[in-house]
Amino acid sequence: MTKELRRNIIIFLFFITTNFLPVSGAQRYPVWEDFCPKGLENAEYKEIQWYWPEGTKSTQSIYNYWAQRRQEFERGLAECKQLDSDLNESCYNNLRERQLFVTEQYNKDIKQKQITDQIWLDSHDKGSKPFMINIFMR
């Protein structure tokens, strides 16, 4: 076995052990990106102004929701980190479960609103199609 091959095997084994094998006693605390939709990880809260267009208002309300959720998550994470090591794993699990539940509930609410909006559109679309009357008769 050549030196280079031996070195490559050692590097490969090191890579495998550090990235794929669980380390005993290591605690993986939850991270915000596990619960937040892509692109909203760093959403900033801004007061919605009355003169903004409706699309901007609705977009900012989504940003505000996720910004507030992130603040709540970070407070919970800070509380867990202050606990003793035997208690903080349980705290992390509770925080993780709560965030997953709230995110799932949020997604269900969004889907229900989409369904409700579509039902409303479908029920009000019938018979409301515009028609043209020719007032210039020959």
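Residues numbered from 1 in each chain as written. Predicted model: local features only at pLDDT ≥ 70, side-chain atom pairs only at ≥ 80, totals over all residues. Heavy atoms only, no water.

Participant: Give me the overall build of the chain: which residues, what numbers.
Facilitator: For the chain, the count of helices and strands is three helices and zero strands. Long-range pairs, those at least 24 residues apart, make up 56% of the contacts in the chain between residues at least 6 apart in sequence. Accessible surface, the chain: about 11800 Å² in total, of which carbon and sulfur atoms supply 59%. (Helix = DSSP H or I, 4+ residues; strand = E, 2+ residues; numbered from the N terminus. Contact = heavy atoms within 4.5 Å. Areas by Shrake-Rupley, 256 points an atom, 1.4 Å probe, with all protein chains shown as cover.)

Participant: Before we move on, could you go through the state of the cysteines and cite the residues and values that matter?
Facilitator: Per the stated rule, a full pass over the model turns up one disulfide. Residue pairing for Cys-80: its cysteine sulfur links by disulfide to Cys-91, the two sulfurs lying 2.0 Å apart. A torsion of -75 degrees about the S-S bond marks the disulfide between Cys-80 and Cys-91 as left-handed. Residue Cys-80 is located in helix H2 (residues 54-82), and its partner Cys-91 is located in helix H3 (residues 85-125); the two are separated by eleven residues in the primary sequence. Take Cys-80: its relative accessible area is 1%, and that puts it in the buried class. (Disulfide = S-S within 2.5 Å. Buried < 20%, exposed > 50% of the residue type's maximum accessible area, 1.4 Å probe, protein only.)

Participant: Could you give an account of the nonpolar core, with specific residues and numbers?
Facilitator: In this structure, Trp-32, Cys-36, Trp-66, Phe-73 and Leu-77 are the most contacted members of the largest nonpolar core, which totals 14 residues. Counting residues per element, the ones that place at least two in this core are H2 and H3. The dominant element in this core, judged by the number of residues it contributes, is H2, at five residues. With residues up to four places along the chain from it excluded, the contact list for Trp-66 reads Trp-32, Phe-35, Cys-36, Pro-37, Leu-40, Ala-43, Thr-103 and Tyr-106. (Core = buried A, V, L, I, M, F, W, Y, C linked by side-chain atoms within 4.5 Å.)

Participant: Please provide a residue-by-residue account of H2, values included.
Facilitator: With 29 residues, H2 extends 43 Å from end C-alpha to end C-alpha; this agrees with the ideal 42 Å at 1.5 Å per step. Those residues of H2 lying buried are Lys-57, Gln-60, Asn-64, Trp-66, Ala-67, Arg-69, Arg-70, Phe-73, Gly-76, Leu-77 and Cys-80. (Expected span 1.5 Å × (residues − 1).)

Participant: Give me the packing of aromatic side chains: which residues, what numbers.
Facilitator: Tallied over the full model, the rule gives eight aromatic pairs. A centroid spacing of 4.4 Å and a plane angle of 10 degrees characterise the contact between Tyr-65 and Tyr-106, whose relative ring orientation is stacked. Of this pair, Tyr-65 sits in helix H2 while Tyr-106 is found in helix H3, placing the two residues 41 residues apart along the sequence. Residue classification places Tyr-65 among the partly exposed residues on the basis of a relative accessible area of 24%. Seen from the ring of Tyr-29, Lys-81 lies directly overhead, with NZ or CZ sitting 4.6 Å from the centre. (Phe/Tyr/Trp six-rings, centres within 6.5 Å; stacked < 30°, edge-to-face > 60°. Lys NZ or Arg CZ within 6 Å of the ring centre and 35° of its normal.)

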